[in-house]
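Examination of the molecular architecture
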Amino acid sequence: MGRIIAVANQKGGVGKTTTTVNVAAFLAEKGKRVLIIDIDPQGNAGFGLGINVEEMENTLYEVLIGQHSIQQSLFKTNIENMYIVPSNIHLSGAQVDLLEFEQKEFLLKKAIGSIRGDFDFIFIDCPPSLGILTLNALVAADSVMIPLQCEYYALEGLSQLLRIIVMVQENLNRSLKIEGVVLTMYDSRTNLSQQVVSDVRDYFKEKVFNSIIPRNVKLSEAPSFGKPIGLYDAACAGSERYESLAEEVLRNG
């Protein structure tokens, strides 16, 4: 059975999609069969893999409202062993549409059930909010990976996400655990970045990944070329750190 990892933080711009796409791509490169489920209406995971999601009709939205099976929405990427269930702006309507469904928090979990055995890893790229879409991801997942940028106010608002995780653990998914915190946008030249690393390690202890993702121009450029960092510039610091992070995820299993 594949491991299901939700990548979540209600704060935008912390590196959720960058982390999802690059960790998934490195695991696929290592021979693992990997699926990304994009549950963010912005559709950035698909764009970051060179897929024009705007005109696609077989997306996660159609899966969640019962129009298509998840098998019909699986899209093979240009990377061997790697697939995606893409999303686009239509998914934004799910915030309202899903309210009509019984057990609306379990729709993604039910959809994934039929394909879970086909993959070693399933990553769910969450939106920057704590609404019904992120809740579906947390209910479906085995664990949560939390990207956290090394900037001022990094920990602000994180308590809200942690409360939601506890609520899900108590009421909807008792086996949910924290996979780990990924420190992103680290700048070794600043005392602030170093202080954030120290504070986060003090708070989360061993739940912080050793691989720290640097602020890196190549990481910012890669999505506009529709490539994960390992294909765009394998020699850059961002690529090396994401490959190291993928190896840590493998060891966690």
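Our subject is the structure listed above.
Let me begin by describing the structure that accompanies this report.

Parameters and conventions
- Residues numbered from 1 in each chain as written.
- Predicted model: local features only at pLDDT ≥ 70, side-chain atom pairs only at ≥ 80, totals over all residues.
- Heavy atoms only, no water.
- Helix = DSSP H or I, 4+ residues; strand = E, 2+ residues; numbered from the N terminus.
- Polar contact = N/O pair within 3.5 Å; in protein donor to acceptor, adjacent residues only side chain to side chain.
- Contact = heavy atoms within 4.5 Å.
- Pairing = 2+ DSSP bridges.
- Axes fitted to C-alpha atoms, helices over the stretch in contact; angles between N-to-C directions.
- Expected span 1.5 Å × (residues − 1).
- Buried < 20%, exposed > 50% of the residue type's maximum accessible area, 1.4 Å probe, protein only.
- Arc of directions from axis to C-beta.

Structural notes on the side chain of Glu-179
By secondary structure assignment, the location of Glu-179 is in strand β7 (residues 177-184). Looking at Glu-179, its side chain comes within polar contact range of the side chain of Asn-252, at 3.2 Å. Every residue in contact with Glu-179, bar those within four places of it in the chain, is listed here: Arg-3, Ile-5, Ser-143, Val-144, Met-145, Phe-209, Val-249 and Asn-252.

With respect to the sheet that holds strand β2 (residues 34-38)
The strand order across the open sheet built from 7 strands is β3-β4-β2-β5-β1-β6-β7, with neighbouring strands paired in mixed fashion. Sheet topology places β3 (75-76) and β7 at the edges, where each strand pairs with a single neighbour. As judged from the 2 bridges shared by β3 and strand β4 (residues 82-85), these two strands associate in the antiparallel manner. Among the inter-strand pairings, Lys-76 is bridged to a residue of β4, identified as Tyr-83. Here helix α1 (residues 16-29) sits on the sheet in contact with β1 (3-7), β2, β4, β5 (121-125), β6 (143-149) and β7, set at roughly 165 degrees to β5. Against the sheet, helix α6 (residues 132-140) touches β1, β5 and β6, its axis set at about 150 degrees to β1.

Some thoughts on helix α7 (residues 158-171)
Compared with an ideal rise of 1.5 Å per residue, which puts 14 residues at 20 Å, α7 spans 20 Å between its outermost C-alpha atoms and is within 8% of the ideal. All of the buried residues in α7 are Leu-158, Leu-161, Leu-162, Ile-165 and Val-168. In a view along the axis of α7, the buried residues occupy a sector of 120 degrees, so they form one face of it. Of the residues in α7, the exposed ones pointing more than 90 degrees away from the buried face are Arg-163 and Asn-171. Summarising the contacts, the buried residues of α7 are in contact with α6, β6, β7 and α8 (191-204).

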